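Reading the structure
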Amino acid sequence: MDADELLQRVVEEGLIAPPEPVVAMVSGGRDSVCLLDLAVRARGPEAVAAVHVNYGLRDDADADEALCRELCGRLGVELTVERPRCPEGPGNLQAWARDERYAAAARLALPRGAVIATGHTADDQVETILYRLASSPSRRALLGMKPRDGRLRRPLLGARRADTTAYCEQRGLRWRDDPTNAETTFARNRIRHRLLPELARVHPAAAANVLRTAELLRDEAEVLDALVAAELDGSRGGRRGEIALERLAELHPALRRLVVQRLADDAAGRPVPGAARFADQVAGLRRTGTAQLDLGGGVRAVVEGGVLHAEAG
């Protein structure tokens, strides 16, 4: 796929289309450099802003920032740089860094009414699916990342890492490689450098098959989500976001799990991993008076007068 073909694909998919402005998350790596250039070509520099987070965790972190400043100056794009302070003590450093960059992007995007664009590619999608499948078995693990998720956009999910490399080379764009991406101390890197090559030896189309499976499951998930919504839309005499315990017990076990998971996720305002596994226990709660059951993640199922809802806190 050449540079113009990739631009056409991004434009046709409409993930960064008018009227909303775009905030691009730029690290200085090839994928984010490609993303920013595509956004400018698709929308014009006046509709695009960029955010870069300099964690200061590597000796050459300032060189990443300098490249982003040079790129944004060349493209005529406003750049915001944030330098968060690394927390002391034990903790998941990658999770902290991820939270910081998404928070920085949100602070820039919300006042502008902008969408947030990331440079995730099809290769990232495969790695994400395999990582989630290994670490947290659930339907969500196999669905992967969505091209459109709230205000978040992933215009490059249909492109491979080789495509973004070729794009940057054809457009004469410089990028920087993060040496920590080669360190196999991180689980995601072990998937990239060890597991995926082994899967390719099992079948040359292994990565493509993972992507196709996720695509099919996302289509099927839309049907399932509609069934769940119908149970919780208030059309059965209850209030929206509630379901009679008697009705919950009548549901197919798979649909029952999805209903409980949706109630937990909506109550928390985020995914609550593992809530669905309590579905049968919830269905077995007493139908008179009040009963509660912890669903994890700070969420509990509450039954009042035979009607179920979920509460956070």
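Let me begin by describing the structure that accompanies this report. Here the structure is a predicted model, which is why all the values come from computation and not from measurement.

So, the packing of helix H1 (residues 3-13) against helix H2 (residues 30-43)
- Put simply, H1 and H2 touch, their axes get as near as 10 Å, and they point 70 degrees apart. As far as their axial angle goes, H2 and H1 are roughly perpendicular. Considering only the axes of H1 and H2, their crossing is right-handed. Here Ala 3, Asp 4, Leu 6, Leu 7, Val 10 and Val 11 of H1 come into contact with H2, specifically with Cys 34, Leu 38, Arg 41 and Ala 42.
- Here the contact of H1 with H2 is composed, by residue class, of eight nonpolar, no polar and two charged.

Digging into helix H7 (residues 161-171)
- Every buried residue of H7 is accounted for by Arg 161, Asp 163, Thr 164, Thr 165, Tyr 167 and Cys 168.
- Remark: Gly 172 follows H7 within two positions and exhibits a positive phi of approximately 70 degrees.

Considering the pattern of salt bridges
- With the rule as written, the count across this model stands at 29 salt bridges.
- Close ionic contact of Asp 60 with Arg 176 constitutes a salt bridge, the shortest N to O distance being 2.8 Å. Here Asp 60 is found in the loop between strand E2 (48-53) and helix H3 (61-75), whereas its partner Arg 176 is found in the loop between H7 and helix H8 (187-202), with 116 residues between them in sequence.
- Note that Arg 247 and Glu 250 form a salt bridge whose closest N and O atoms lie 3.5 Å from each other. Taken as a pair, Arg 247 and Glu 250 lie in helix H10 (residues 245-250) at a separation of three residues, close to a single helical turn.
- Accessibility expressed as a relative area gives 23% for Arg 247, which makes it partly exposed.
- Accessibility expressed as a relative area gives 52% for Glu 250, which makes it exposed.
- Through salt bridges with shared partners, one network takes in Arg 58, Asp 60, Asp 64, Arg 176 and Asp 178.

Observations regarding unusual backbone geometry
- Backbone torsion omega between Pro 18 and Pro 19 reads 5 degrees, so that peptide bond is classified as cis.
- Relative to the helices and strands, Pro 19 resides in the loop between H1 and strand E1 (22-25).

What to know about H8
- When the terminal C-alpha atoms of H8 are compared, their 21 Å separation across 16 residues agrees well with the 22 Å that a helix rising 1.5 Å per residue should span.
- Of all bends in H8, the biggest is about 35 degrees, found at Leu 195, and the proline Pro 197 comes one to four residues later.
- Along H8, the positions that sit buried rather than exposed are Asn 189, Ile 191 and Leu 196.
- In the core, the buried residues of H8 are packed alongside helix H5 (122-135).

Quick word on the environment of Ala 187
- Note that Ala 187 resides in helix H8.
- Placed 126 residues apart in sequence, Ala 187 and Ala 61 show a C-alpha to C-alpha distance of 22 Å.

Regarding the nonpolar core
- Leu 36, Leu 38 and Val 77 are the most contacted members of the largest nonpolar core, which has 32 residues in total.
- For this core, the secondary structure elements donating two or more residues are H1, E1, H2, E2, H3, strand E3 (78-82), strand E4 (115-117) and H7.
- Looking at which element gives the most residues to this core, the answer is H2, with seven residues.
- When residues no more than four places from it in sequence are discounted, the contact partners of Val 77 are Leu 36, Val 40, Pro 45, Val 48, Ala 49, Ala 50 and Cys 72.
- With 27 residues, the next largest nonpolar core counts Val 259, Ala 264, Val 272 and Val 299 among its residues.

Calculation rules
Each chain has its residues counted from 1, running along the sequence as written. For this predicted model, a pLDDT threshold of at least 70 governs which residues receive local features, and a threshold of 80 or more governs which side-chain atom pairs are given and counted, while totals over whole chains, interfaces and linings are taken from all residues. Side-chain metrics in this entry use all non-hydrogen atoms of the structure; hydrogen atoms and water are not considered. What counts as an axis is a line fitted to C-alpha atoms, over the stretch in contact for a helix, and the angles between N-to-C directions run from 0 to 180 degrees. Secondary structure elements follow DSSP: runs of H or I no shorter than four residues count as helices, runs of E no shorter than two count as strands, and numbering proceeds from the N terminus. The scheme is simple: roughly parallel for angles under 35 degrees, roughly antiparallel for over 145, roughly perpendicular for 65 to 115, oblique for anything else. Helix crossings fall into two classes, left-handed where the near helix is turned counterclockwise from the far one by less than a right angle and right-handed where it is turned clockwise. It only takes one pair of heavy atoms within 4.5 Å for two residues to be counted as in contact. We call Asp, Glu, Lys and Arg charged. Ala, Val, Leu, Ile, Met, Phe, Trp, Tyr, Cys and Pro are nonpolar, and the rest, Gly among them, are polar. In this scheme, a residue with accessible area under 20% of its type's maximum is buried, one over 50% is exposed, and one in between is partly exposed, where area comes from a 1.4 Å probe on protein chains only. Whenever a carboxyl oxygen of Asp or Glu lies within 4 Å of a side-chain nitrogen of Lys or Arg, that contact is scored as a salt bridge. Helix span, expected: 1.5 Å multiplied by one less than the number of residues in the helix. We define the bend at any residue as the angle between the axes fitted to the seven residues before and including it, ending there, and the seven starting there. Residues belong to a common nonpolar core when they are buried Ala, Val, Leu, Ile, Met, Phe, Trp, Tyr or Cys residues joined through side-chain atoms within 4.5 Å.

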